[in-house]
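Given next are the chains, with one letter for each unit.
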Amino acid sequence: MSCLCGINACVRAHLFSVSQPPVLTQPFEVMTSYTAFYRDDIILPCEASGNPPPTFRWVKDGRTFGSERTGSGTLEVSEDEALELYQGTFRSTDLPTYLPQPVLLKQQKLRREAYVGESMVLTCNPPPSSAPPQIHWMDKKLVHIRQSDRVMVGLNGNLYFANLLKSDSREDYFCNSHYIEARTILPDTAIALTVLPSNDVAHGKPAQIFHPSSSHSSVLALRGQSLTLECIPKGLPTPKVEWKKKDGKLDETGGHPENHNRWLYFDSVDQRDDGEYECRASNVHGSSVHSFTVTVEAAPYWVKELQNLRYAPGETVRLDCLAEGIPTPNITWSINGQPLSAVDEDTRRRVSGGVLRLTDVLLSDTAVYQCEATNDHGSILLNAYLHVVELPPQILSSDGVVYRITEGGTIKMSCETFGSPRPHDWAPLLSDPRVSLLTNGTLELSDVGPGDSGMYTCLIKNTNISINAHLEVFNKTRIVTGPQNVRALRGGKALLDCYFRKDPRLPRYQIIWRKDGQKLQESSPDDKYTIFANGTLKVTDVQSKDNAAYSCEVITELDQVTAIGSITVVDPPLDVTLSDVKDDTLTLSWIPGRSHNSPITEFIVEAKEEQHSRRHDGDTWRWEALKRVPADFNHLQLSLHPFCTYAFRVVAVNQLGPSEPSQPTPLHSTPPAVPHNNPTGVRSESSDSGTLAITWDEMPRRSHNGQDFQYKVLWRKAGGKTERWNHGYAKSPPFSVNNTGTYVPFEIKVQAVNALGEGPAPEAEIGHSGEDVPEEFPSDVAVRVMNRTVRVRWNEAQNVRGLLLGYKVLLSLHEDDGILERAKEDDKVVEVKGRKTTAEVTGLQLFSRYTVSVTAFNSKGESPASPAVHFSTPEGVPGPPASLLFESPTENSMLLYWTPPLQTNGILLGYMVQYQQEVKSRDSPVRMEIIGDPSVTHLMLDSLDPRSYYTFQVIARTAAGDGQPITRRNATLFDGVPPTNITVMPDKTSFNLSWVPGERERNHGFHIDFLKKSAGGQWEESEIVNTSQGFYSLTGLQPGTEYHLVVMHGNSTQWESARPSEVSGGFATQGWLIGLISAIVLLILILIILCLVKRRKGGKYAVKDKEDKEVDSEARPMKDETFGEYRSLESDTDEKRSESQPSLCGDSKLGSDDSLAEYGDSVDIQFNEDGSFIGQYSGRAPAPAGHESSGPASPDNTAPPPPIAPSMSSILNQPS
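Residues numbered from 1 in each chain as written. Predicted model: local features only at pLDDT ≥ 70, side-chain atom pairs only at ≥ 80, totals over all residues. Heavy atoms only, no water.

Where an unreviewed UniProt entry is consulted, the chain appears under the name Neural cell adhesion molecule L1, with the organism given as Hippocampus comes. Its UniProt record gives the chain a comment under Sequence similarities (unreviewed entry), which states: "Belongs to the immunoglobulin superfamily. L1/neurofascin/NgCAM family." (UniProt positions renumbered as here; feature names shortened; annotations may be inferred.)

A. Just the overall build of the chain, in detail. Check the secondary structure of the chain and you find six helices and 96 strands. Of the contacts formed within the chain by residues at least 6 apart in sequence, a portion of 65% connects residues at least 24 apart. Within the structure as shown, the chain displays about 64,700 Å² of accessible surface, and the carbon and sulfur contribution to it stands at 50%. (Helix = DSSP H or I, 4+ residues; strand = E, 2+ residues; numbered from the N terminus. Contact = heavy atoms within 4.5 Å. Areas by Shrake-Rupley, 256 points an atom, 1.4 Å probe, with all protein chains shown as cover.)

B. The arrangement of the packing of aromatic side chains in detail. Considering all chains together, one arrives at 20 aromatic pairs under this definition. Between phenylalanine 266 and tyrosine 277 the ring centres are 5.6 Å apart and the planes differ by 80°, which places this aromatic pair in the edge-to-face class. In this pair, phenylalanine 266 sits in strand 25 (residues 263–266) while tyrosine 277 sits in strand 26 (residues 275–283), placing the two residues 11 residues apart along the sequence. Geometrically, the ring pair formed by tyrosine 950 and phenylalanine 952 is tilted, given 6.1 Å between the ring centres and 35° between the ring planes. With a relative accessible area of 0%, phenylalanine 952 lands in the buried category. By way of ring pairs, the aromatic residues Phe886, Tyr915, Tyr950 and Phe952 are connected into one cluster. In this arrangement the basic side chain of arginine 969 is found over the ring face of tyrosine 949, its NZ or CZ atom lying 4.1 Å from the centre. The residue whose ring lies beneath arginine 1000 is tyrosine 949, and the NZ or CZ to ring-centre distance is 5.6 Å. (Phe/Tyr/Trp six-rings, centres within 6.5 Å; stacked < 30°, edge-to-face > 60°. Buried < 20%, exposed > 50% of the residue type's maximum accessible area, 1.4 Å probe, protein only. Lys NZ or Arg CZ within 6 Å of the ring centre and 35° of its normal.)

C. Quick look at the sheet that holds strand 33 (residues 349–352). The sheet built from three strands is open, its strands ordered 29-34-33 with antiparallel pairing. Strands at the two margins of the open sheet, each flanked by one partner only, are strand 29 (317–320) and strand 33. Strand after strand, the sheet turns through a mean of 15° between neighbouring axes, direction not considered. Pairing geometry for strand 33 and strand 34 (residues 355–358), over four bridges, is antiparallel. Paired with arginine 350 across the strands is arginine 357, a residue of strand 34. (Pairing = 2+ DSSP bridges. Axes fitted to C-alpha atoms, helices over the stretch in contact; angles between N-to-C directions.)

D. Molecular detail of the pattern of salt bridges. This model, assessed by the stated rule, comprises 39 salt bridges. Of the charged contacts, one joins aspartate 139 and arginine 170 as a salt bridge, the two residues approaching to 3.3 Å between their closest N and O atoms. With a gap of 31 residues between them, aspartate 139 in the loop between strand 13 (134–138) and strand 14 (151–153) and arginine 170 in strand 16 (residues 170–179) connect regions that are remote in the sequence. Classification of arginine 170 by relative accessible area gives partly exposed; the value is 31%. The salt bridge partner of arginine 801 is glutamate 775, with a shortest N-O separation of 3.2 Å. (Salt bridge = Lys/Arg side-chain N within 4 Å of Asp/Glu carboxyl O.)

E. Up close: the sheet that holds strand 28 (residues 309–311). In space, the five strands of this open sheet follow the order 28-36-35-31-32, with mixed pairing throughout. Pairing within the sheet leaves two strands with one partner each, and these edge strands are strand 28 and strand 32 (338–339). Bridge count for strand 31 (residues 330–335) against strand 35 (residues 367–375) is six bridges, and the pairing is antiparallel. Bridged to serine 334 within strand 35 is glutamine 370.

F. How the structure looks around the nonpolar core. Counting residues in each nonpolar core, the largest one holds 24 residues, and the members touching the most others are Trp302, Leu306, Val317, Leu319, Trp333 and Leu386. Among the secondary structure elements, those contributing two or more residues to this core are strand 28, strand 29, strand 31, strand 34, strand 35 and strand 36 (378–388). The element that contributes the greatest number of residues to this core is strand 36, accounting for five residues. Among all residues touching leucine 386, those that are not within four sequence positions of it are Leu309, Tyr311, Val317, Leu358, Asp365, Thr366, Ala367 and Tyr369. Val486, Ala494, Phe500 and Val561 belong to the second-largest nonpolar core, a separate cluster that totals 23 residues. (Core = buried A, V, L, I, M, F, W, Y, C linked by side-chain atoms within 4.5 Å.)

G. Molecular detail of the state of the cysteines. Applying the stated rule across the entire model yields five disulfides. The residue that forms a disulfide with cysteine 498 is cysteine 552, at a sulfur-sulfur distance of 1.7 Å. Because the sign of the S-S torsion sets the handedness, a value of about -50° for the bond joining cysteine 498 and cysteine 552 places this disulfide among the left-handed ones. Taken as a pair, cysteine 498 in the loop between strand 47 (494–496) and strand 48 (499–501) and cysteine 552 in strand 53 (residues 548–556) lie far apart in primary sequence, 54 residues in all. The pair formed by cysteine 498 and cysteine 552 is uniform in burial state, with each residue classed as buried. (Disulfide = S-S within 2.5 Å.)

H. Layout of a nonpolar patch on the surface. Taken together, Ile1077, Val1081, Leu1082, Leu1083, Leu1085, Ile1086, Leu1087 and Leu1090 make up a surface patch of nonpolar side chains, about 690 Å² in accessible area. Relative to the assigned elements, isoleucine 1077 resides in helix 2 (residues 1074–1096). (Patch = residues over 30% accessible without salt bridge, like charges linked within 9 Å, V, L, I, M, F, W, Y side chains within 5 Å.)

I. Expanded view of the side chain of aspartate 273. One can find aspartate 273 in the loop between strand 25 and strand 26. It turns out aspartate 273 is buried and unbridged, and the closest side chain with the opposite charge, arginine 272, is 4.2 Å from it. Aspartate 273 has contacts with Lys245, Thr253, Gly254, Phe266, Ser268, Val294 and Val296, leaving out every residue within four places of it along the chain. (Lys, Arg positive; Asp, Glu negative; His and termini not counted.)

J. The arrangement of the environment of serine 352 in detail. Counting through the fold element by element, serine 352 comes out in strand 33. Once the C-alpha coordinates of serine 352 and isoleucine 331 are considered, the two residues, 21 residues apart in sequence, prove to be 9.6 Å apart.

K. Seen up close, the environment of glycine 254. Structurally, the position occupied by glycine 254 is in the loop between strand 23 (240–245) and strand 24 (255–258). Glycine 254 sits in the partly exposed class, given a relative accessible area of 26%. Along the chain, glycine 254 and aspartate 267 lie 13 residues apart, while their C-alpha atoms are 7.2 Å from each other.

L. Focus on helix 2. Here helix 2 is 23 residues long and its end C-alpha atoms lie 33 Å apart, about the 33 Å a rise of 1.5 Å per residue gives. Of all the positions in helix 2, only Ile1080, Ile1084 and Cys1091 are classed as buried. (Expected span 1.5 Å × (residues − 1).)

M. Main features of the confidence of the model for the chain. Per-residue confidence for the chain gives a mean pLDDT of 79, with 78% of residues at or over 70. Every residue in residues 1–17 is under pLDDT 50, and counting partners more than four places away or in other chains gives 18 contacts. (pLDDT = per-residue confidence, 0-100.)

N. Layout of the side chain of asparagine 705. Structurally, the position occupied by asparagine 705 is in the loop between strand 64 (691–695) and strand 65 (710–717). From its side chain, asparagine 705 meets the backbone oxygen of valine 674 in a polar contact 3.1 Å long. Look past the residues within four positions of asparagine 705 in its chain and what remains in contact with it is Pro642, Phe643, Pro672, Ala673, Val674, Pro675, His676 and Asn754. (Polar contact = N/O pair within 3.5 Å; in protein donor to acceptor, adjacent residues only side chain to side chain.)

O. Representation of the environment of serine 639 in the model. Secondary-structure assignment places serine 639 in strand 59 (residues 635–639). Using a relative accessible area of 67% as the deciding quantity, one classes serine 639 as exposed. Spatially, the C-alpha atom of serine 639 lies 5.7 Å from that of aspartate 584, the residues being 55 residues apart in sequence. If we ignore the near neighbours within four places in the chain, the residues touching serine 639 are Asp584 and Thr585.

P. Local environment of unusual backbone geometry. In this model, leucine 236 is joined to proline 237 through a cis peptide bond whose omega is 0°. Considering the arrangement of structural elements, one finds proline 237 in the loop between strand 22 (232–236) and strand 23. Look at the link from proline 733 to proline 734: it is a cis peptide, with omega at 0°. Summarising the element assignment, proline 734 is placed in the loop between strand 66 (726–730) and strand 67 (735–738).

Written out as structure tokens, the structure reads:
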């Protein structure tokens, strides 16, 4: 086949030559029942496409029906054919069913009688038909019988009366059956209903369920179909019906009440509608319930459908046909219309439920594959054409297409291909769960984000054919502040916001405002609508016609967002008037304003009282809500306080909020009267001894009821009913009575009085005069000691002279000298509330002497303390030793020394030392040393393995037992040797030597021997250098001269320089440097002065600070005074420091006092409590005098800083 019209045209021409399977384009609906009364009722559409053109055949009741057709498969009835011929089943689908015309048999007129208030049902019996008719109850004039919650037609067509009225009597109740398919209406026999009067109407009848008649119904519903639950009640008065879901919430289902709540209707049933439902009919005389059990099942429906597929020979085909239903459907397969069981077996074909797998496909496997799912409720069928063909690959989609989308959207990038096998490949992208590859090669990317921007490539494997697509992701347009629900006053203005954000790369946008869906046209600034640059809409002269929903739409090139608000105009009530005015009552009336399509729900009556609530800040009086009135009332009777001046106004409220208030009424004043009540909260608040202070809650001014208002205060001693009442007057509380004695009970009462008289007689209360400090302490204090707890008992205090608030238990610890110090931290004070006379004090120190005393207290203070009771706590186990330090004289020995426990809790008897070697098997024995002398706080351990770490524990002991241990982990130190790897850096008159000290090695002193490589040169020896220094400067050398350096260890050479080292040549003798050196010397002098000033101010170096923090205050004297016998001989030779050459700041070596060279002893190494070496900075002894290193004298001779040696704590804490 030749092609001269380009690639695409050629490919499309090739496509037309490829065979295409038949595809139904207009099939009849599956599982549809047709009822035919006439020939033209039967038109069964069946159209299909394919290459070559398909042929059609029909199957009726399992047999071929009619001849094979071409062009169109639609089945119609010819005029010469009998309609009965088409009755039957076509391809497992119930299709035309012929029934003769329904015929109504003649019946006599029915007559029914009943009494007023009784229930009644008029039955309807339409002729049988496969298509149920629609029922209409009418009179002889074909006027529908009016339905209500009292009268309604049930689902079965019967007419139900919940209770009868006299007006229900009539001679012409007709049940008309409307057969839609037959286009016929048949009336049933007329029913005459006579309603007789009754005397029982006044008594009423309780609510009952009229239909269904049983108490429970079970309903089977199919998914996707509609469902109606019916509950028709009877009773007088007419019952109300309520629905609920017994095992859930009704609003979470698809059901909603209809037909006066008599029906619960489900438009499309799904699984959430399964469950228990209940309808309850009720009236004032009783209630009745009916329950429904709804079981939801489902006819088969597709979860994953078959697709037409094209494969190349040798590929593996998987056909997925997944269906669900209740009960679970059975899936069967057919090939070219023949069941799989009737087709020859093929080992390449495997079926597993809804999956058919065909391996190593051949050209002969090209066929139409059918999948059918069947259960009790029906069946569904799918066809898929499997085309096995070999075609050359091509990409039909255009190259370089730019796709634009906003974030969060879904984009489809086309890569339409032609060929078999399918050539498209987006493989690197398919690992992203957001990416889907459609069967036509389109790449679908969902939830697009900014990171997805870029170029995408679709390619054909094993070829150089590909296309590129460019994706640009833009920020989503968002409305930040949308229009609100605005309430506006008539004639005012309303502002609706529309603030939004968009991608700056989308310059073109449009803002459209709509009112109730209709686009608003912006007018001039003085007219109705104005849209500002920021999107805000202004509506002026708001009237009732402006009540509406307003939407703001922001439209860009790629997206569109909408926000909705509204404007509501609520008119305030009108013409608020006063009527029926009496001394303390009146009636308030008003005319409701218009609600503007938002019904008024209530009115709020507000009032302000101006005579007694005048504000002192010059502001107006405050309006207060007085009462809320239902919307169907427009008046309210009010009770008012005497001697007040009122104004009233009314506010209307709907679901959107309150309106503006009405105009206030004129001021109305009420006449004075005697007080209606007395003050509340009468009580005594006496603070001074011998004084009774009476107080109360002041009455509001509006309760004074007249002028000259004051309080009459009455009092007398309690218990004396014959005592005369004393009284006095006060304008406000409190009221004081003197010379009453200490804490004496009184009867007190307060009465309101004004110019017209006294209020009602008040009730008496009990009050007390003022308290004083308790005079007597609690007696008979006794203690019971239980380990660290003491229980204290005492007798109740007498002569408290007030209300007893409680007791205080004072516990003091005795020092060794016997002096009781109340201010010590160890003292305890336990407060006991109320009249309780026991207390427990915990947390006492063991093996200690205490005293305890008790005081009573009231609001005035404490009584004297009771006589002290002495007791002692028993002896207990001691605490852990306060510290544990280490020294390692040799590789096989460790010296432990510790300090006694801070809390001995008894008499120390000695110590127990335990130590255990750490091995991988963790089963090494624990060795133990017992020390019977408590004054001995050190121990030397020998024969230790230098290759292992040990765990050490020291435990103090008393007669009560062993205390808690202090535990540390450590290891011995190896014998030190001189370094074997030294780095040499030459300077003008010196060599700077550096090395890394060995791990877990004791300090070792050595000499550096050096020989000048010139005539007459002799070996010289440096001062003693410590291995822990890590750095040394060999000074005093001649510039430009070679030297040979050697480090000896005994009689052997430990290290020597690989080649002669040469000191840098000097140029200080050059004349041109004299001026420069002078300037440098001057700068050095200035720096020295600055250093001296800094040191005078107390500045410290960081290392010095660390030394101050880490060195244990007890470590040095213990080392120097107690354990001197364990010091090595090497440290005895290192007693003095060299003082020959100052550093830059005058008194430091190699830059500062904190140089590592200053701390260089060999074995005098100590540990902190955590096991780290104290000697990390401070435990080294100085080198002997006369062999010090010469520090640099000027910046020209500056030595590099020494390398930082690893700390001893980091070395020892490393695992062996």
